[in-house]
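In case you want the letters, here they are:
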Amino acid sequence: QVQLVESGGGLVQAGGSLRLSCAASGSISSINVMAWYRQAPGKQREVVATITSGGSTNYAGSVKARFTISGDNAKNTAYLQMNSLKPEDTAVYYCNFGVTLRGVVGVAYYWGKGTLVTVSS
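Keep in mind the model is a prediction, meaning the values are calculated, not measured.

A. View of the environment of Ser-120. Inspection of the secondary structure puts Ser-120 in strand S11 (residues 115-120). For the pair formed by Ser-120 and Met-34, sequence separation is 86 residues and the distance between their alpha carbons is 28 Å. Leaving out residues up to four positions away in the same chain, Ser-120 has contacts with Leu-11, Val-12, Gln-13 and Ala-14.

What follows is the structure, given as structure tokens:
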């Protein structure tokens, strides 16, 4: 019912910046929460940052003060501004939206397919 597409990944040197985007399409009534996750090689997927419809944000300790999550509900789009990137930030970054569908009760969660961020030393 909902499709999420990430963009903005790429290769960047340590200390550099990238801005990721995630655009959703489908029969969305409202977006309750937007989130970014990442999965590094050989490691489990972890939550990076979340933002609720009320604007409340949370960040993993490893990215706090370096990353900023934001959302544009009118465009059904989430962003992740990543500054002061480190080699350990290298991962596939995934967006995840919790949405209310038109005509459907409850919240459903959808994943994008991911975008690769590689930070060189």
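Moving on, there is more to tell.
B. Quick look at the state of the cysteines. Tallying each qualifying case throughout the model produces 1 disulfide. The disulfide bridge from Cys-22 ends at Cys-95, spanning 1.9 Å between sulfur atoms. Negative torsions about the S-S bond denote left-handed disulfides, and the value of about 55° found for Cys-22 with Cys-95 makes this one right-handed. Taken together, the positions of Cys-22 in strand S3 (residues 18-26) and Cys-95 in strand S9 (residues 91-101) put the pair 73 residues apart, joining distant regions of the chain.

C. Geometry of the sheet that holds strand S7 (residues 67-72). Within the open sheet, the 4 strands sit side by side as S1-S3-S8-S7. Their pairing is antiparallel. Edge strands, defined here as strands with exactly one partner in the open sheet, are strand S1 (2-7) and S7. Across this sheet, the average inter-strand angle for adjacent strands is 15°, counted without regard to direction. Across 6 bridges, S3 lies against strand S8 (residues 77-82) in antiparallel orientation. Residue pairing across strands places Arg-19 opposite Gln-81, the latter belonging to S8.

Procedures and definitions
Residues numbered from 1 in each chain as written. Predicted model: local features only at pLDDT ≥ 70, side-chain atom pairs only at ≥ 80, totals over all residues. Heavy atoms only, no water. Helix = DSSP H or I, 4+ residues; strand = E, 2+ residues; numbered from the N terminus. Contact = heavy atoms within 4.5 Å. Disulfide = S-S within 2.5 Å. Pairing = 2+ DSSP bridges. Axes fitted to C-alpha atoms, helices over the stretch in contact; angles between N-to-C directions.

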